[in-house]
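Spelled out from the first residue to the last, the chains are:
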Amino acid sequence: MAWDAFRDEVEDAAERLDLPLHALHAAVAERRGAAQAAAEKPKPNGSTHAGSEEKKASAEDAKGQPEPTKPPPKFGRNGRPIIPSAAGELNRMTSMAESAIIRAGAPIFQRAHELVRPVTREVPASHGRTTLAAGVAAVTSPAIRDVLCDVAEFCRYDKRASKWLVIDPPGDVAAILLSREGRWRLPVIAGVTTTPTLRPDGSLLIEPGYDPATRLYHAADPTLRLTPAAKNDKPSRSDAEVALQLMKDLLAEFPFVPGGGEGEPKKGTSLSVALSGCITPVVRGAMSIAPMHAFRASTAGTGKSYMVDVASAIATGRLCPVTSVAPEEAETEKRLTGLLLSGFPVVSLDNVNGELGGDLLAQATERTMLRLRPLGTSRIVEIENRAVIFATGNNLRVRGDMVRRVMVCDLDAGVERPELRVFKGDPVATVLSARGAYVSAALVIVRAYLAAGTPGLLAPVQSYADWSRLVRSALVWLGCADPVGSMDAARADDPELDQLGELLRLWSAAFGNEALTVKDAALAAGTREESQMGEPTELRHPELNDAFLRIAGDRGVVSTLRLGNFLRDRQGRIVNKLRFVRRGGAGGGVVRWSVEAR
C-alpha cells in the first residue's frame with residue numbers, strides 16, 4: 001500500500017502548534033490499519049483482492065517507497081520527536097521540522113525577511129578581560145540541518161531490514177523551510193542583548209533566552225551580578241540617589257561644559273546628556289526608540305570617544321566598536337545599513353568631521369521600523385530598530401532634521417594638549433571590574449522613578465516619549481539638568497538654520513515684504529549701482545548676492561533653479577520670527593516669494 005493513501009490522514013497536523021508530533025504517527029497508523037482491513041475485506045465477487053490493474057498500480061507505487069509493516073516509534077533518542085521520511089511528504093516533513101524547532105525552544109528566529117540566530121563570541125574587553133559580544137547572523141541550510149539534529153530524529157523505513165533507520169535531516173527540508181518567507185511560525189527577533197534590561201511595562205528582563213514582550217534575545221553574561229536594589233520590585237528614591245552618585249563619581253574627571261536651556265540649571269546639561277548616554281542603552285528594551293547622543297569638543301584628546309567607551313562598557317561589557325563617517329553620504333548609509341542589519345545594540349559614528357546629518361541617520365534615530373537595502377542586492381528588507389546610536393567629533397555640527405534627534409554633550413579640557421592630562425581614575429577599567437554595579441545603577445534610577453509614580457513627569461519630546469518618561473524625567477526628578485536643554489545649543493549651531501536665517505534677514509532688508517520671482521531677486525542682488533558718469537560701481541545688495549552664490553552658485557552665477565528649490569524646501573519655516581511665503585504659482589502662474597514676519 002502506497003504512502004499516498006495517507007496524505008490526508010491528519011489535515012494540517014504539523015501546522016498546529018498544539019498538536020503533539022506523535023499524534024500524527026498515531027493517526028497514520030490508524031488510517032493504515034483501516035485501509036488494510038478494507039483491502040482484505042471480501043469483494044462481492046468473492047475475491048479478497050483488487051483487480052489485476054489495481055494490483056499493478058499498487059506494485060508500481062511500492063517500487064517508489066517500501067511499505068513499512070509498522071509505524072515508526074513516537075520518540076527517538078533523548079525524547080526527540082521522530083519525523084518519518086517519505087516520498088511526496090516534503091511539505092509535511094518541513095512543517096513538522098519547524099514545529100520541532102519551536103517546541104524545543106531552539107534559537108532560530110525571523111528578522112528582515114530571513115531566518116537568523118543570535119550569535120555571541122568572546123572578545124577582548126580591557127586589561128586582559130574578555131566579555132561576550134552579541135548580534136544576529138543569517139541561518140544557512142547547513143545550520144538548519146545542524147539544529148534539526150538536536151531537536152528531532154528523521155527516519156526512513158528499510159524494507160530489507162524490515163525496520164526504521166535513523167537518517168540525517170534532508171537538505172530539501174532545510175531549503176524549503178528557509179524559503180517559506182511569509183509563512184514562518186518561528187518568533188520574530190528585534191535584537192540581542194547581553195545585559196538585563198527593562199520591558200515596556202517596567203518589569204525586569206533578567207532571564208536568559210527569548211523574551212516575547214521585547215522580542216529581544218538575552219544572551220546572559222554569566223559574570224554579571226545585579227545588586228539587591230536592582231532586583232527589588234520597588235527601589236526607593238534613596239536607592240536611586242545612591243545609584244546616581246555612583247554614576248556621577250564615575251564621570252567626575254570628564255571636562256563637561258556648563259550650560260543649560262532657558263529656565264534650567266546653568267551647570268550640568270552636558271553631564272545630564274552623558275548620564276543619559278550611560279543609562280539609555282541599559283533600559284533600551286522598554287523604549288520603542290531612543291535619541292542619538294553626540295559628544296563633541298574643539299580639540300582632539302578631550303575624551304569624546306572615551307565617553308562612548310564608558311557607556312558601551314556598562315551596556316555591553318566592552319569598548320565600543322566604531323565606524324567612520326565617509327565623505328560621501330551614500331557610503332555612510334551603506335556602513336550604517338550593515339550595522340543596523342547585524343543587530344548590534346550600540347553603534348558609534350566616530351570622529352565626525354564637520355556636519356552630522358543624512359536621511360538614513362535621521363530615520364535610524366527616530367523610526368522604530370526601518371526599510372533597508374542590503375549591500376549588493378536590489379531587495380528591500382524591513383527590520384525593527386533597537387540600536388542606540390552615538391557620535392563623536394571635533395567641532396561637530398548637527399544639521400537640519402537631526403537637530404531635534406540628538407542630545408549633545410560638550411567637552412572642553414581648557415588646555416592646549418588635552419591628551420597629556422593625568423587622571424586619578426580609569427572609568428572603563430572601573431566599570432569592567434564591577435559592571436554589575438553600574439548596570440544595576442542604571443536600572444535602579446529608572447525603576448525607582450516608576451515606583452514613585454513618575455512625579456513631575458515632563459512633557460514628552462516629540463518621537464521620544466518613552467525616553468522622556470523613563471530617562472529624562474528620572475534624571476530631572478533626581479535634581480539633574482534637563483538633557484533636552486542641549487538641543488538649544490545644537491539648534492543655534494545648525495548650519496542649515498544659520499543659512500536660512502541669514503537669507504531671510506538679508507532678503508527682508510533688501511526687498512521688505514515685496515513678492516519677487518527668483519530670477520528678479522537674483523538679478524536685483526547682482527545689479528551694480530551706477531556712478532554719476534553712468535559707470536557701474538558697487539553691487540546694490542552685496543551681502544544678499546554672496547548668500548545667493550553660497551546657496552545656489554554655479555560657476556560664479558546664481559542658479560535660479562537651485563535657489564528656487566532651496567526656497568521651496570524651506571518655505572514656511574520660521575527663523576527669528578521670519579519665514580518665506582510662496583505667492584502665486586497655481587494653474588501655471590508665476591511663482592513669487594516674499595518674507596513674512598510672524
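This write-up is about the structure you can find in this document. (Residues numbered from 1 in each chain as written. Predicted model: local features only at pLDDT ≥ 70, side-chain atom pairs only at ≥ 80, totals over all residues. Heavy atoms only, no water.)

1. A few points about helix 10 (residues 329–341)
Inference 1: Taking 1.5 Å per residue as the helical rise, helix 10 with its 13 residues ought to reach 18 Å, and the 18 Å between its terminal C-alpha atoms agrees with that figure.
Inference 2: Along helix 10, the residues classified as buried are T332, L336, T337 and L340. For helix 10, the angular spread of the buried residues around the axis is 140°, confining them to a single face.
Inference 3: Against strand 2 (109–111), strand 14 (346–350), helix 11 (359–364), strand 16 (369–372) and strand 17 (381–384) lie the buried residues of helix 10. (Helix = DSSP H or I, 4+ residues; strand = E, 2+ residues; numbered from the N terminus. Expected span 1.5 Å × (residues − 1). Buried < 20%, exposed > 50% of the residue type's maximum accessible area, 1.4 Å probe, protein only. Arc of directions from axis to C-beta. Contact = heavy atoms within 4.5 Å.)

2. Comments concerning the pattern of salt bridges
Inference 1: Scanning the model with the defined rule gives 24 salt bridges in all.
Inference 2: Between D211 and R199 there is a salt bridge; the shortest N-O distance is 2.9 Å. Here the residue D211 occupies a position in strand 10 (residues 209–211), and R199 occupies one in the loop between strand 8 (197–198) and strand 9 (204–205), the gap between them amounting to 12 residues.
Inference 3: Between R447 and D233 there is a salt bridge, with its nearest N and O atoms 4.0 Å apart. Placement of R447 in helix 13 (residues 435–451) and of D233 in the loop between helix 6 (228–231) and helix 7 (237–250) is noted, with a sequence separation of 214 residues between them.
Inference 4: Its relative accessible area of 8% is what places R447 among the buried residues.
Inference 5: Within the structure, one salt-bridge network assembled from shared partners comprises R579, R583, E596 and R598. (Salt bridge = Lys/Arg side-chain N within 4 Å of Asp/Glu carboxyl O.)

3. Brief notes about the pairing of strand 16
Inference 1: Every second residue of strand 16 is oriented toward a common face, the buried set being L370 and L372 and the non-buried set M369 and R371.
Inference 2: Here strand 16 runs beside strand 17; their pairing, made up of 4 bridges, is antiparallel. Residue pairing for strand 17: M369 is matched across the bridge by E384. (Pairing = 2+ DSSP bridges.)

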